[in-house]
Amino acid sequence: QVQLVESGGGLVQAGGSLRLSCAASGLTFSTYVMGWFRQAPGKEREFVAAISRDGVIGFYADSVRGRFTISRENAKNTVSLQMNSLKPADTAVYYCAATWRDSMTHGAVDYWGKGTLVTVSS
């Protein structure tokens, strides 16, 4: 059975950095587009970033572009999200996502992780 397990969340001060990781199992990892979503308290889940199957192309929400970097290591079945210059508005539960489709929208996601909490204090 497919599992996506996030790690790396925690408490960080504004301006700081965190690196999230997602370990996948039970799927042919390199055939999936991978990505990250986040959900802040009282808000809907929103797209953060995605990466192509070969790891060459990254896609980012406007709110994080230039601050966050997504990467993947297919040999280890992992995808990561390097988050720099964090803001209180980045506070959310971050979810790893996988899809066999060529789009990373909420409706297109085939598998979700359980999430990891990122809290950015001011």
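For the structure itself, consult the block above.
Residues numbered from 1 in each chain as written. Predicted model: local features only at pLDDT ≥ 70, side-chain atom pairs only at ≥ 80, totals over all residues. Heavy atoms only, no water.

Could you give me a rundown of the overall build of the chain, with the residues and numbers involved?
Assigned secondary structure in the chain consists of zero helices and 11 strands. For the chain, the succession of helices and strands along the chain, N to C, is β-β-β-β-β-β-β-β-β-β-β. Over its C-alpha trace the chain gives a radius of gyration of 13 Å, about what one expects of a compact globule, namely 14 Å for 122 residues. Considered along the principal axes of its C-alpha atoms, the chain spans approximately 40 × 25 × 25 Å. Counting every position in the chain, which comprises 122 residues, the buried fraction comes to 42%. Here the chain has roughly 6,300 Å² of accessible surface; of this, 49% comes from carbon and sulfur atoms. (Helix = DSSP H or I, 4+ residues; strand = E, 2+ residues; numbered from the N terminus. Rg over C-alpha atoms; globule rule 2.2 N^0.38 Å. Buried < 20%, exposed > 50% of the residue type's maximum accessible area, 1.4 Å probe, protein only. Areas by Shrake-Rupley, 256 points an atom, 1.4 Å probe, with all protein chains shown as cover.)

Provide a residue-level description of a nonpolar patch on the surface, including the pertinent values.
Taken together, V56, I57 and F59 make up a surface patch of nonpolar side chains, about 300 Å² in accessible area. In this structure F59 comes out as partly exposed when scored by relative accessible area, which is 42%. (Patch = residues over 30% accessible without salt bridge, like charges linked within 9 Å, V, L, I, M, F, W, Y side chains within 5 Å. Salt bridge = Lys/Arg side-chain N within 4 Å of Asp/Glu carboxyl O.)

So what's going on with the pairing of strand β11 (residues 116-121)? Residues and values would help.
Here β11 shows a buried face lined by T116, V118 and V120 and an unburied face lined by L117, T119 and S121. Pairing geometry for strand β2 (residues 10-13) and β11, over four bridges, is parallel. By the bridge assignment, V12 is partnered in β11 with V120. (Pairing = 2+ DSSP bridges.)

I'd like to hear about the environment of F59, residue by residue, with values.
Among the structural elements, F59 can be located in strand β6 (residues 58-60). Along the backbone, F59 and T69 are 10 residues apart, and their C-alpha atoms lie at a distance of 9.1 Å. Those residues in contact with F59 that sit more than four places away from it in its chain are F47, V48, A49, A50 and S52. (Contact = heavy atoms within 4.5 Å.)

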